[in-house]
Amino acid sequence: MKCIVTGGNVKALGKAIHSLARVGDEIYVEPLQEGLSMRTVSASRSAYASFLFAPLFFQNYQPTESGYDPDSEAFRCKVHMKSFLAVFRSLPSLEKTVEKCLLSLNSHASRFRVQLHCKYGVVKTHDLPFQECESLQADFDTSQCAHALRAPPRLLADAVVHFPLALAEVTLVASPAGKVSLRSYLEGDTEVTRTMVTELGLNEDEFQTFHIKQEAQITFCLKEFRGLLSFAESSNLSLNIYFDTPGRPAIFTLDDAVLQVHLVLATLEEPESCSSQMTSCTPKPLAPAYDFTGDDIDDYMIAMETTCGGPAGTEPLPSPTFPMGPTSSEAQEPDSDHEGTVPGTPPQKRFRSLFFGSVLSQSQSLAHSRSSQEVLAEDSEGES
């Protein structure tokens, strides 16, 4: 693979890397005949993002060593996100100093090379270690979603700016009467009088497309959504939102002649009857038609990655999107906006994992840990 990015597209590429960094710890680079694909997935398989840059995005694009040969298989790899992000960390510097960016990769190379050709003849070469991998692809269909919204990026960016940076989840409520609201997500046992609650309402005429069949609400993570909004606002692309019932994934897309962006986020599983978050309610199981907890992976999410992850049947790794507790790696996670992590213990919640079903809540983990410690304590007393 060899491709050359010039002009303002270098900053657009950097913005895309920053958005992907909010989702996963590894970036999957796959040269295709229809363009260069960059994808990532969260550790818990609860968030998936994909950027597809068409050949017109580049000054020169060769997906394989033999050019546009459809019979030649492209070389795929994955690169650590922190390594890739370090090359494009300073977006203002990219716009002011970088004139051309060269990306090259082949099966005989030991490094994924990124060259930045700057003003005054300065060339910065970054050789990033990579690992060969299989293709990573999510299986989703926006036509199967019951509700759809389309809005200019400035509208939604101005809406989420009112929420605290430390807020983990936000709830979107839409009504066929023409009302859409975004509000802070609160657990049922949260004491409202001591908690700041933010809610912002939007009207139907502020959207470019408004297709809501019945009143619905979904709760999703705000961090990844902010990253996509930042990219959409810089590229001035309208954002499409497709969603269904709680527990089903929400799909966010951006479409352009030279770019296709998809962000798939797991939503909080809760019954639609819980219209108010100010009171406590006990979630009831969804209809069997929407219950994919026990389904095979191929029925809902295709993850043909064979070079990382533990053996089948093991629990998923802790998710950076829905953290089980602060870790040193999370404290060092790069973030262009310097967002802080949510302090303390996260509330009890069950998100649908896009790969493995529900994510175990921390309260269940702590209960299991306490019971194990009590058994060990009894054993030690018996031995003494």
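Residues numbered from 1 in each chain as written. Predicted model: local features only at pLDDT ≥ 70, side-chain atom pairs only at ≥ 80, totals over all residues. Heavy atoms only, no water.

What follows deals with the overall build of the chain. Along the chain, the regular secondary structure elements total eight helices and 21 strands. For the chain, the proportion of its 384 residues judged to be buried stands at 47%. Pairs at least 24 residues apart make up 68% of the contacts formed inside the chain by residues separated by at least 6 positions. As presented, the chain carries roughly 18,900 Å² of accessible surface, and 50% of it is formed by carbon and sulfur atoms. (Helix = DSSP H or I, 4+ residues; strand = E, 2+ residues; numbered from the N terminus. Buried < 20%, exposed > 50% of the residue type's maximum accessible area, 1.4 Å probe, protein only. Contact = heavy atoms within 4.5 Å. Areas by Shrake-Rupley, 256 points an atom, 1.4 Å probe, with all protein chains shown as cover.)

With that settled, consider the pairing of strand S3 (residues 35-41). The element S3 is extensively covered by neighbouring structure, given that seven of its seven residues are classed as buried. Sheet topology places strand S2 (residues 26-32) next to S3; five bridges connect them, and they run antiparallel. What sits directly across from Pro31, in S3, is Leu36. Taking the residues between adjacent antiparallel strands as the criterion, S2 and S3 are bridged by two residues. (Pairing = 2+ DSSP bridges.)

Overall, antiparallel pairing links the four strands, which are arranged S14-S13-S12-S16 in an open sheet. Looking at the sheet topology across the chains shown, the edges are occupied by strand S14 (199-203) and strand S16 (216-221). Looking at each pair of strands side by side, their axes are set apart by 20° on average, direction ignored. Direction of pairing for strand S13 (residues 179-184) relative to S14: antiparallel, over a ladder of five bridges. Counterpart to Val180 in the pairing with S14 is Leu202. The strands touched by helix H5 (residues 222-235) are strand S12 (169-175) and S16; relative to S16, the strand with the most contacts, the crossing angle is about 90°. (Axes fitted to C-alpha atoms, helices over the stretch in contact; angles between N-to-C directions.)

All chains considered together, the criterion is met by eight salt bridges. A salt bridge links Arg76 to Glu134; its shortest N-O distance comes to 3.5 Å. Of this pair, Arg76 sits in the loop between strand S5 (60-62) and strand S6 (77-80) while Glu134 sits in the loop between strand S10 (130-132) and strand S11 (147-151), and the two are 58 residues apart along the sequence. Between Asp158 and Arg154 there is a salt bridge, with the nearest N and O atoms lying 3.3 Å from each other. Within this pair, Asp158 and its partner Arg154 are both found in helix H4 (residues 153-160), separated by four residues, close to a single helical turn. We classify Asp158 as partly exposed; its relative accessible area is 36%. A single network of salt bridges, built from pairs that share partners, joins Glu30, Arg39, Arg76 and Glu134. (Salt bridge = Lys/Arg side-chain N within 4 Å of Asp/Glu carboxyl O.)

Moving on to the nonpolar core. Core analysis: the biggest nonpolar cluster contains 78 residues, and Met38, Phe84, Leu103, Phe243 and Phe252 have the highest contact counts within it. Among all residues touching Met38, those that are not within four sequence positions of it are Leu13, Ile17, Leu20, Ile27, Tyr28, Ala49, Ser50, Phe51, Phe53, Phe84 and Leu103. Counting nine residues, the second largest nonpolar core, distinct from the first, contains Tyr28, Tyr48, Ile251 and Val264. (Core = buried A, V, L, I, M, F, W, Y, C linked by side-chain atoms within 4.5 Å.)

With that settled, the discussion passes to unusual backbone geometry. A negative phi holds for most residues other than glycine; trans holds for most peptide bonds. One non-glycine residue with positive phi stands out, namely Arg45, at about 60°. Checked against the element boundaries, Arg45 lands in the loop between S3 and strand S4 (47-53). A positive phi angle, near 65°, is found at Tyr120, a position not held by glycine. Position of Tyr120 relative to the elements: it lies in the loop between strand S8 (112-118) and strand S9 (123-128).

The next subject is helix H1 (residues 9-21). The end-to-end C-alpha separation of H1 is 18 Å, in line with the 18 Å expected for 13 residues at 1.5 Å each. In terms of burial, H1 is largely enclosed, as 10 of its 13 residues are buried. Those residues of H1 not exposed but buried are Val10, Leu13, Gly14, Lys15, Ala16, Ile17, His18, Ser19, Leu20 and Ala21. (Expected span 1.5 Å × (residues − 1).)

Now for the sheet that holds strand S17 (residues 239-243). Reading across from one edge, S10-S6-S2-S3-S4-S19-S18-S17-S11-S15 is the order of the 10 strands in this open sheet, with antiparallel pairing throughout. Of all the strands in the sheet, just S10 and strand S15 (209-211) have a single pairing partner and so form its edges. When strand polarity is set aside, the average angle formed by the axes of neighbouring strands in this sheet is 20°. Relative to strand S19 (residues 259-265), S4 runs antiparallel, the two sharing seven bridges. Along S19, the bridge assignment pairs Ser50 with His262. Contacts between H5 and the sheet are confined to S4, S17, strand S18 (250-255) and S19, with S19 contributing the most and set at about 165° to the helix.

Our focus in this paragraph is the packing of aromatic side chains. Counted according to the given criterion, the structure contains 12 aromatic pairs. Relative to Phe231, the ring of Phe51 lies with its centre 5.1 Å away and its plane at 85°, an arrangement referred to as edge-to-face. Taken together, the residues span a long stretch of sequence, with Phe51 in strand S4 and Phe231 in helix H5 at a distance of 180 residues. Both rings, one in Phe57 and one in Phe58, keep their centres 5.3 Å apart while their planes meet at 85°; by these two values the pair is edge-to-face. Residue classification places Phe57 among the buried residues on the basis of a relative accessible area of 6%. Taken together, the ring pairs in this structure connect Phe51, Phe53, Phe57, Phe58, Tyr61 and Phe231 into an aromatic cluster. (Phe/Tyr/Trp six-rings, centres within 6.5 Å; stacked < 30°, edge-to-face > 60°.)

These figures come from the coordinates and say nothing about function on their own.
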